[in-house]
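# A structural walkthrough
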Amino acid sequence: MTNAPAQFEDIRLLEEKLKSAAVPLELKTKVQAQLERLVRFASTQNYGQEYDQLARYIDWIINLPWDKKSEDTLDLAHAKTILDSNHFGLDNIKERVLEYISIASLRKNTKQQKGQKAPSILLLGLVGTGKTTMAYSIADALSRQFGRIPMGGMGDALQLRGRSKSYPDAEPGQIVKVLRRVGTKNPVILLDEIDRVTEDAKSDIMGVLVELLDPEQNSNFLDHYVDYPFDLSEVLFIATANNTGNIATAVLDRMEVIEMPSYTDDQKIIIGKNYLLPRALSSSGLAKDDLNFEESVWQQVVRPLGFDAGMRTLDRTINGICRKVAKLKLEGKAAKITLTPQNVKEFLPKW
């Protein structure tokens, strides 16, 4: 075999991977038959598009995490530390995550553990209220792999479900792609901005979402490309949306809706001081003492243009201040700077 052509070596590697892969028996039998077809293609010098498509399909089947799972970290103190370190307030969703961990911990190593299905959560709130970052934090708290699927502007349900391998340009859907990338069957998958799919494809996409989020259906999710049911019941789906107006009632019915509140000025000041400023100083290469804020200037920093429900404007403002300070420091014009009511406008964005 060492002197065999490259295509035979590729087939041999696929055969070895198939033997060790935890592919369901029925599917493994079908894939073995497909491998024999590859051998026939190679033997007849037919290395055309069909050969490449078939080899690619087999590679996808072999590399999906059919039985690979990450071990959850079911420690309430650890989870609370992670959530509190990344988010101020938001006690309702933090409490829901701790409740989920508590139940999972109690059911661990019992017969009930096998039947446990992950919940589906919808984080509902205005732009910049922390929906996406909260999803990251939940995955971190559980020590699960994380995958994100941007739903905004999605115009075809096949982007989620995949296209049949009989088509020349066939490929798996986003769900299967995320599973292969993260390498486990129980990740946290973020369905970001499910209210912003295109109007033309909304009904079809919402139909797929019902199947993904329904605990009675998602244990047999069928991607058209894979063409074999995959168990998604252990995936923790977290969706985000600005409002529910464009979300089908059947989809909403299968999720627990948790509202992300707008931030008050007082909350923004606390978040700015304790979270955003230290992060901005670090990313700017500034030392902690290079930039200080007098207490009275925070109100202007928080609200330079009026009320904003989220944190993105404040984050951009603080990062902009740090950039200006870094430039002054590098030019030798100032070693340390304190923002006061007298000079703060020099550092705020100008519109």
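Just above sits the structure.
So, here's what we can say about the structure.

Calculation criteria
Residues numbered from 1 in each chain as written. Predicted model: local features only at pLDDT ≥ 70, side-chain atom pairs only at ≥ 80, totals over all residues. Heavy atoms only, no water. Helix = DSSP H or I, 4+ residues; strand = E, 2+ residues; numbered from the N terminus. Buried < 20%, exposed > 50% of the residue type's maximum accessible area, 1.4 Å probe, protein only. Contact = heavy atoms within 4.5 Å. Polar contact = N/O pair within 3.5 Å; in protein donor to acceptor, adjacent residues only side chain to side chain. Core = buried A, V, L, I, M, F, W, Y, C linked by side-chain atoms within 4.5 Å. Axes fitted to C-alpha atoms, helices over the stretch in contact; angles between N-to-C directions. Parallel < 35°, antiparallel > 145°, perpendicular 65-115°, else oblique. Left-handed = near helix turned anticlockwise from the far one by under 90°. Nonpolar A, V, L, I, M, F, W, Y, C, P; charged D, E, K, R; others polar. Pairing = 2+ DSSP bridges. Phe/Tyr/Trp six-rings, centres within 6.5 Å; stacked < 30°, edge-to-face > 60°. Lys NZ or Arg CZ within 6 Å of the ring centre and 35° of its normal. Salt bridge = Lys/Arg side-chain N within 4 Å of Asp/Glu carboxyl O. Expected span 1.5 Å × (residues − 1). Arc of directions from axis to C-beta.

## Topic: the side chain of Ser137
Here Ser137 shows up in helix α6 (residues 131-142). A relative accessible area of 4% means that Ser137 is categorised as buried.

## Some details on the environment of Lys94
Following the sequence through the fold, Lys94 ends up in helix α5 (residues 91-107). Along the primary structure Lys94 and Lys350 are separated by 256 residues, whereas in three dimensions their C-alpha atoms are 37 Å apart. Leaving out residues up to four positions away in the same chain, Lys94 has contacts with Leu83, Asp84, His87, Phe88 and Gly89. A polar contact is formed between the side chain of Lys94 and the side chain of Asp84, at a distance of 2.8 Å.

## Some words on the nonpolar core
Within soluble globular proteins, side chains that are nonpolar tend to cluster in buried spots. Core analysis: the largest hydrophobic core is formed by 59 residues, its most contacted members being Leu38, Met151, Leu191, Ile194 and Leu209. Contributions of two or more residues to this core are made by α1 (6-20), α2 (25-43), α3 (49-63), β1 (120-124), α8 (174-182), β3 (188-192), α9 (202-213) and β6 (236-241). Element by element, the count of residues in this core is highest for α3, at 8 residues. Apart from the residues lying within four places of it in its own chain, the contact partners of Leu209 are Met151, Leu160, Leu191, Ile194 and Val251. Counting 50 residues, the second largest nonpolar core, distinct from the first, contains Leu90, Ile138, Val302 and Val325.

## Examining the packing of α5 against α6
Between α5 and α6, the shortest axis-to-axis distance is 12 Å and the interhelical angle comes to 30°. It follows that α5 is roughly parallel to α6 by the angle criterion. Classified by chirality, the crossing of α6 by α5 is right-handed. Facing Ile93, Val97, Tyr100 and Ile101 of α5, the residues of α6 in contact are Met134, Ile138 and Leu142. Among the residues forming the contact of α5 with α6, the class breakdown is 7 nonpolar, no polar and no charged.

## Details of the sheet that holds strand β7 (residues 256-259)
Strand order in the open sheet formed by 5 strands is β2-β3-β6-β1-β7, with parallel pairing between adjacent strands. Each edge of the open sheet is held by one strand with a lone partner, namely β2 (146-150) and β7. With strand direction ignored, the average angle separating the axes of adjacent strands in the sheet is 20°. Both β2 and β3 contribute to a ladder of 5 bridges, which runs parallel. Following the sheet pairing, Pro150 is matched in β3 by Asp192.

## Examining the packing of aromatic side chains
Within the structure shown, the criterion is met by 5 aromatic pairs. Three or more aromatic residues joined by ring pairs form one cluster here, namely Trp66, Tyr228 and Phe230. Positioned over the ring face of Tyr57 is Lys165, at 4.6 Å from the centre of the ring.

## Observations regarding the pairing of β6
Among the 6 residues of β6, 6 are classified as buried, and the element is accordingly described as predominantly covered. Of the two faces of β6, the one carrying Leu236, Ile238 and Thr240 and the one carrying Phe237, Ala239 and Ala241 are both buried. Pairing of β1 with β6 involves 5 bridges; the strand directions are parallel. Of the residues in β6, the one forming a bridge with Ile121 is Ile238. Of the pairings in the sheet, the one linking β3 to β6 comprises 4 bridges and is parallel in character. Counterpart to Val188 in the pairing with β6 is Leu236.

## Here we look at the pattern of salt bridges
All chains considered together, the criterion is met by 23 salt bridges. Salt-bridge contacts for Arg144 lead to Asp72; the nearest nitrogen and oxygen are separated by 2.9 Å. Of this pair, Arg144 sits in the loop between α6 and β2 while Asp72 sits in the loop between α3 and α4 (76-86), and the two are 72 residues apart along the sequence. Each member of the pair, Arg144 as well as Asp72, carries the same accessibility label: buried. Arg148 serves as the salt-bridge partner of Asp192, at 2.9 Å between the closest nitrogen and oxygen. Here Asp192 is found in strand β3, whereas its partner Arg148 is found in strand β2, with 44 residues between them in sequence. Residue classification places Asp192 among the buried positions, given a relative accessible area of 5%.

## Some details on α2
The end-to-end C-alpha separation of α2 is 27 Å, in line with the 27 Å expected for 19 residues at 1.5 Å each. Every buried residue of α2 is listed here: Leu27, Val31, Gln34, Leu35, Leu38, Phe41 and Ala42. Viewed end-on, α2 has its buried residues packed into an arc of 110°, placing them on one side of the element. Exposed residues on α2 whose side chains face more than 90 degrees from its buried face are Leu25, Thr29 and Arg40.

Shape is all these values report; function is a separate question.
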